[in-house]
Amino acid sequence: MVGLQPSEVPPTTVVKFLGAGAAACFADLLTFPLDTAKVRLQIQGENPGAQSVQYRGVLGTILTMVRTEGPRSPYSGLVAGLHRQMSFASIRIGLYDSVKQFYTPKGADHSNIAIRILAGCTTGAMAVTCAQPTDVVKVRFQAMIRLGTGGERKYRGTMDAYRTIAREEGVRGLWKGTWPNITRNAIVNCAEMVTYDIIKEKLLDSHLFTDNFPCHFVSAFGAGFCATVVASPVDVVKTRYMNAPPGRYRSPLHCMLKMVAQEGPTAFYKGFMPSFLRLGAWNVMMFVTYEQLKRVLMKVRVLRESPF
């Protein structure tokens, strides 16, 4: 895959914003079952007294879901997931370069590591604040076990889930777990964006690669691995807290302490393999698609001379 050549005109902020959202939705479509498997593995063992389906490994979890809940179950919550990416990835990825430039002192040739981390934290926090309700609904659908084709579902659809949560838990219910999610996504965004940014820059500066598919692939793979390692503990707490019924946990800290007391510190890395498979695959697909979309959108903009 050669891909399009870089445009002579740098992509605008709006092009990056739209391209990031579209690329993230495409990556989600292809990797969503891995994300659902991750959620199921993360909540497993949350209620020791309950008799529930047991999951083993990534493939085993997906196959068990298909066998017990039907072939569509790995994609439960996909609509909310796409809602999330259009509002979440557009901000945290699409605005990263603009925020990084805002923090970079005038006259500086490059942004240092501290500025890149600050930019990643800023766009990650902004994205969570806007997209938190979509994440809550997505996790609820992914964690919801429905045995058999005739099993009852708490929510009839995505929009019904938004309304039901707001009615039963108040508007605050849609922003449940915002702080652990901000923490998690600030970490993930820094790991993804800063790692991708630095690896890509070093590869280009060393002339090992040109700005093409292999360069984007290697950079994205490294970003996915780093993001998984540093974000898994917060991700498990976030998933448990967001999926819990009212009253089970007093706070994200209480959720974390209770989880460690009941299951030990290894619980922080439950679902690590599906997390890595999902984040690694997601990052590769998203960043490669994102780079190509930016070039396509800029070529269209230049040809039509229309302000994006």
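An unreviewed UniProt entry annotates the chain as Mitochondrial uncoupling protein 3 originating from Neotoma lepida. UniProt, in its Subcellular location (unreviewed entry) section for the chain, records the words "Mitochondrion inner membrane". Its UniProt record, at the heading Sequence similarities (unreviewed entry), says of the chain: "Belongs to the mitochondrial carrier (TC 2.A.29) family."

Visitor: How would you summarise the confidence of the model for the chain if you had to cite specific residues and measurements?
Guide: For the chain, the mean per-residue pLDDT works out to 84, and 89% of the residues sit at or above 70. Every residue in residues 147-151 scores below 50 in pLDDT, and together they form 6 contacts with partners more than four places removed in sequence or on other chains.

Visitor: Can you explain empty space enclosed by the protein? Please cite residues and give values.
Guide: A complete count under the given rule lists 2 cavities of 30 Å³ or more for this structure. Considering the residues around the largest cavity, the lining is formed by 16 residues, among which R84, Q85, F88, R184 and R278 are closest to the centre. When residues of the lining of the largest cavity are traced back to their parent elements, those giving at least two are helix 1 (13-43), helix 3 (78-92), helix 5 (113-143), helix 8 (178-205) and helix 11 (272-304). Among the residues making up the lining of the largest cavity, the classes are represented as 4 nonpolar, 2 polar and 10 charged. Approximately 70 Å³ is the volume found for the second largest cavity. The set of elements that each furnish at least two residues to the lining of the second largest cavity consists of helix 9 (213-243) and helix 11. Considering each element in turn, the lining of the second largest cavity owes the most residues, 5 residues, to helix 9. Within the lining of the second largest cavity, the residues separate by chemical class into 4 nonpolar, 3 polar and 4 charged.

Visitor: Summarise the packing of helix 1 against helix 5; cite the residues concerned and give the values.
Guide: Running from N to C, helix 1 and helix 5 cross one another at 75°; their axes reach a closest spacing of 9 Å. In terms of axis orientation, helix 1 runs roughly perpendicular to helix 5. Together, F32, D35, T36, V39, R40 and I43 of helix 1 and K138, V139, Q142 and A143 of helix 5 make up the contact between the two elements. Within the contact of helix 1 with helix 5, the residues separate by chemical class into 5 nonpolar, 2 polar and 3 charged.

So, how was this worked out
- Residues numbered from 1 in each chain as written.
- Predicted model: local features only at pLDDT ≥ 70, side-chain atom pairs only at ≥ 80, totals over all residues.
- Heavy atoms only, no water.
- UniProt positions renumbered as here; feature names shortened; annotations may be inferred.
- pLDDT = per-residue confidence, 0-100.
- Contact = heavy atoms within 4.5 Å.
- 1 Å grid on protein atoms, 1.4 Å probe; cavity = no way out; pocket = protein on both sides within 12 Å on 5 of 7 lines; lining within 4 Å.
- Points joined across faces, edges and corners; volume = space filled by probe spheres on them.
- Helix = DSSP H or I, 4+ residues; strand = E, 2+ residues; numbered from the N terminus.
- Nonpolar A, V, L, I, M, F, W, Y, C, P; charged D, E, K, R; others polar.
- Axes fitted to C-alpha atoms, helices over the stretch in contact; angles between N-to-C directions.
- Parallel < 35°, antiparallel > 145°, perpendicular 65-115°, else oblique.

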